[in-house]
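An overview of the molecular structure
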Amino acid sequence: MPLIDQTKFVEDALNDYHRLPEEGDSLYVRRFAPIDISIEGYGSAGPDGKDEKVRRFYDELHARTGLKFDATVWEDGWTACHNPALSLAKFGDEGYGRALSGKLFRSGEDKYVALLHGTARQALMIDVKDGMAVDLKVLFAVVGGSLPVQVFINLGKDAKLNLFEWHASNCTRPCFSGTVREVKLGEGATCEISVLHNENSNTTVLEHTKGTAGEGASSTINFVYTGGSAVRARNSLEASGRGSRVRVGELAVSSKRQKFDLNTYVVNAAGGSEVRLSSAAVAMQESVCYLKGFARITNGSRDARSFVEERGLLVDGTAKINSIPSMAIGENAVKATHSSAMGPIDQDSMFYLMSRGVSPEAAKRLMVLGFFSGPISGIRSSLVKEVVSSVISGKIRSNGEFGELPVLNAENVIWESGRETGMEHHYKYRTEK
Amino acid sequence: MRLEIKDLYASIDGKAIINGANLAMNEGEVHVIMGPNGSGKTTLAKAVFGYPGVKVTRGDVLVDGKSILGLTTDKRAALGLFLGFQHPVEIEGVGFVNFLRASKEAVSQSQANMKELMKDIKSWSDELKMDESIIGRALNKGLSGGEKKKAEILQMVLQRPKIAMLDEPDSGLDIDAVKVVAENINKAAEQTGMGVLVITHYNRILSHMHPQRVHIMADGRMVADGGKELIDKLEKEGYESFNRR
Ligand SMILES: Nc1ncnc2c1ncn2[C@@H]1O[C@H](COP(=O)(O)OP(=O)(O)OP(=O)(O)O)[C@@H](O)[C@H]1O
Ligand SMILES: [Mg+2]
């Protein structure tokens, strides 16, 4: 028995996950050649023996990182610890998705979201009851074929959630790793969700998150994009309740002709709400990264605060980062800033580091990690900090390789949160070993 | 180690800045370069270290008789050369300790012992009368001019080079700090036997040091080489007397 009425869900999705408004505007169309992902050849069913593959995959990840996940989700199954906040809904009818997807693709709506809804056969539910606090780590493993999955996150009044999602793929044929995620925070709820995409080059990443935050709620979502031949992200997050706070961090490292199309829409929809979007991208080796942050303050959101910051660092002359600042403000009594800064690696910094014997590769790595130090310091979970800096430094160290399962080695650095230590960009050393 | 700058010509953006500079020094020696603003002292140091914006058009830079012009900057440092910057670069988010560790590992070609490194950093920063909090900060970020200069010396002593070129290690330092910096340069030189090439405009730092050779630079070349007596002459007569030579 499916726990979710999927017909209704997909119909709702058609209304909710429409194209983001700015995708239609002419400036956007001119500047952002859409990353068109062929849907042919992305069959969702992979070969048999996936359970065994997942187990080996998990074991290897565990051996390298020491991480233990509370749940592992793959194309047609999952394993999980017995956390009452966590459950998986399976959709019964196998042919259902495909039949529906034909209809959806003609609808003129976001066909990638439609693809995900049309092909997803399971949904992960995270339900944190009023006043409860839950800490979860979930592995999404793409091992045989495409993994479309719906994730529903629901936090009750004053509930707390700390969630880390690792999306990985070692799939040997073209596939996608797709997530449609809905995050709803009740009054006074708090969450920090960190989503790491570290898929291999056979994989296209589709990331779609919609979130709302109730009165006084505080939501932090960090997206880290390092893997996948192409990434298409359409995220839309709203500070819906009075005095709610939404923080979105985007960290992207693109290399080896990867194409990242990252589109985030943040909305202040209530008085006294605060929205903070900070995107940081590093690009190299003929990769392309579109950073598109769009902020909107609705009419009536008095004393709303909206901050959008986009930063880009070009490691070599062959990569491209594209960003357009946009903001739509429908209210007078607000505070809003939008900044965008892109540039190449500073030659004098490079010379300075190299004059101390540091190789050009290590110097670049230091500077890339330095570039991300602000956003990484902003992550509260020290585990996530370590994982994220390891994956990023591993990608630079291996000259742009991605999708490999990394060894956790944040160069022995543990990032301390600015809030915890009162010092920005401060890190402490583990001297044992 | 022996460092030789031989009839060196170098340009920036096609503009000739170094016009036949010559200098030779050995490990264990203390040399001084003095010269008016814009005479090319910093550019010469950058040329020795292979700064991409400075193009060597003629001449050579040799270490122990072998040209280093074909080496990248990091490889030159690995030979045992150190450059203390006139204007140390501020680098966003790169932690001071993380950087010291990377540079130490690069030059020694082995994994750094963090405990020992932290101990060295602590004791030398005490010697240099540096505020310990800079250790937790990003590289040179938000340091005062004088603090930056001290941080350069700290890096030098930790790296244990064979020859250190220090580009105005005294500029921006207060009177006491000049003495502290000079004493620490001397101490490091005593301990490691390194050679020091100091670029400076001022007598004060030299009164705490014992230079064997003084080179006066103007218009991108040496216009006088000699002993300490050149410093006195300079003090009395200024650069004019050398130019007219
Ligand atoms: N990037 C540059 N582009 C053009 N000219 C430059 C550049 N850098 C230096 N120069 C010129 O090269 C000349 C030498 O400069 P340099 O910095 O080597 O002088 P210096 O002897 O170190 O002076 P100071 O004592 O003021 O530090 C100056 O005329 C300067 O203007
Ligand atoms: Mg100078």
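Our structure is the block above this text.
For the structure given in this document, a descriptive report is provided here. Since the structure is predicted, the reported quantities are computational estimates derived from the model, not experimental observations.

Let us now look at the site of ligand 1. Residue and element names in this part refer to chain B. Around ligand 1 there are 14 residues in total, and Gly38, Lys41, Thr42, Thr43 and His201 lie nearest to it. Here an oxygen atom of ligand 1 sits 3.0 Å away from a polar atom, N or O, in the main chain of glycine 40. In isolation ligand 1 has 640 Å² of accessible area, and contact with the protein removes 62% of it. Partitioning the shell around ligand 1 into residue classes produces three nonpolar, eight polar and three charged.

All names here are of chain B. Coordination of the magnesium ion (ligand 2) by the protein involves Thr42 (OG1) and Gln86 (OE1), with metal-donor separations of 1.9 to 2.1 Å. Pair noted here: threonine 42 is in helix H1 (residues 41–49) and glutamine 86 is in the loop between strand E6 (81–84) and helix H3 (96–108), with a separation of 44 residues, a long-range link. The exposure class assigned to threonine 42 is partly exposed, which follows from its relative accessible area of 26%.

Residues and elements named next belong to chain B. With 18 residues, helix H6 (residues 175–192) should cover 26 Å at 1.5 Å per step; its first-to-last C-alpha distance of 26 Å lies within 8% of that length. Every buried residue of H6 is listed here: Ala177, Val178, Val180, Val181, Ala182, Asn184, Ile185, Asn186, Ala188 and Ala189. Contacts from the buried residues of H6 go to helix H4 (114–127), helix H5 (145–159), strand E7 (163–167), strand E8 (195–199) and helix H7 (203–207). Remark: glycine 193 follows H6 within two positions and exhibits a positive phi of approximately 75°.

By the definition in use, this model includes 10 aromatic pairs over all chains. Ring centres of phenylalanine 164 of chain A and tryptophan 166 of chain A lie 6.1 Å apart, and the angle between their planes is 65°; this geometry places the pair in the edge-to-face category. Given a relative accessible area of 0%, tryptophan 166 of chain A falls into the buried group. Measuring from centroid to centroid gives 4.7 Å for tyrosine 352 of chain A and phenylalanine 85 of chain B, while their planes differ by 75°, and the two rings are edge-to-face. Of this pair, tyrosine 352 of chain A sits in helix H6 (residues 347–354) while phenylalanine 85 of chain B sits in the loop between E6 and H3, placing the two residues on different chains. The same class applies to tyrosine 352 of chain A as to phenylalanine 85 of chain B, namely buried.

Residue and element names in this part refer to chain B. Taken in spatial order, the six strands of this open sheet run E6-E7-E8-E3-E9-E10, and their pairing is mixed. Each edge of the sheet is formed by a strand with only one pairing partner; in this case those strands are E6 and strand E10 (221–226). Across this sheet, the average inter-strand angle for adjacent strands is 20°, counted without regard to direction. Examined bridge by bridge, strand E9 (residues 213–218) and E10 share five bridges and lie antiparallel to one another. Bridged to valine 214 within E10 is glycine 226.

Scanning the model with the defined rule gives zero disulfides over all chains in all. Unpaired in this structure, cysteine 171 of chain A has its nearest cysteine sulfur neighbour in cysteine 175 of chain A, at a distance of 3.5 Å.

Residues and elements named next belong to chain A. In the structure shown here, the tally under the stated rule is 27 salt bridges over all chains. Here aspartate 59 makes a salt bridge to arginine 55, at a shortest N to O gap of 3.2 Å. With aspartate 59 and arginine 55 both in helix H3 (residues 50–65) and four residues apart, the pair spans about one turn of that helix. Between arginine 234 and aspartate 261 there is a salt bridge, with its nearest N and O atoms 2.9 Å apart. Placement of the pair is arginine 234 in strand E12 (residues 230–239) and aspartate 261 in strand E14 (residues 259–268), with a sequence separation of 27 residues. Accessibility classification places arginine 234 together with aspartate 261 in one group, the buried group. One continuous salt-bridge network, built from bridges that share partners, spans Arg245, Arg247, Glu274, Arg276 and Arg305.

Once that is clear, we can look at the nonpolar core. Ranked by size, the top nonpolar core spans 129 residues in total, and within it Trp166 and Phe372 of chain A together with Met156 of chain B carry the most contacts. The element best represented in this core is H6 of chain B, accounting for eight residues. Leaving out residues up to four positions away in the same chain, methionine 156 of chain B has contacts with Phe82, Pro161, Ala164, Leu166, Ile185, Ala188 and Met194 of chain B. Residues Val134, Phe140, Cys175 and Val266 of chain A belong to the second largest nonpolar core, which totals 55 residues.

Before going further, it helps to spend a moment on the interface of chain B and chain A. Contacts between chain B and chain A engage 37 residues on the former and 28 residues on the latter. With both chains or domains summed, chain B and chain A bury close to 2800 Å², and 65% of this area falls on carbon and sulfur atoms. It is Tyr51, Asp74 and Asn98 of chain B that lose the most area in chain B upon contact with chain A, and together they represent 20% of the buried surface on that side. Where chain B packs against chain A, one counts one salt bridge.

Residue and element names in this part refer to chain A. Within the fold, alanine 85 resides in the loop between strand E2 (77–80) and strand E3 (86–90). Using a relative accessible area of 7% as the deciding quantity, one classes alanine 85 as buried. Distance in space between the C-alpha atoms of alanine 85 and glycine 156 is 11 Å, their sequence separation being 71 residues. Excluding residues within four positions of it along the chain, alanine 85 makes contact with Met125, Ile126, Asp127 and Val134.

Conventions and cut-offs
- Residues numbered from 1 in each chain as written.
- Chains lettered and ligands numbered in written order.
- Predicted model: local features only at pLDDT ≥ 70, side-chain atom pairs only at ≥ 80, totals over all residues.
- Heavy atoms only, no water.
- Near = heavy atom within 4 Å.
- Polar contact = N/O pair within 3.5 Å; in protein donor to acceptor, adjacent residues only side chain to side chain.
- Areas by Shrake-Rupley, 256 points an atom, 1.4 Å probe, with all protein chains shown as cover.
- Nonpolar A, V, L, I, M, F, W, Y, C, P; charged D, E, K, R; others polar.
- Donors = N, O, S within 2.8 Å, 3.2 Å for Na, K, Ca; no water.
- Helix = DSSP H or I, 4+ residues; strand = E, 2+ residues; numbered from the N terminus.
- Buried < 20%, exposed > 50% of the residue type's maximum accessible area, 1.4 Å probe, protein only.
- Expected span 1.5 Å × (residues − 1).
- Contact = heavy atoms within 4.5 Å.
- Phe/Tyr/Trp six-rings, centres within 6.5 Å; stacked < 30°, edge-to-face > 60°.
- Pairing = 2+ DSSP bridges.
- Axes fitted to C-alpha atoms, helices over the stretch in contact; angles between N-to-C directions.
- Disulfide = S-S within 2.5 Å.
- Salt bridge = Lys/Arg side-chain N within 4 Å of Asp/Glu carboxyl O.
- Core = buried A, V, L, I, M, F, W, Y, C linked by side-chain atoms within 4.5 Å.
- Buried area = accessible area lost by both parts, 1.4 Å probe.

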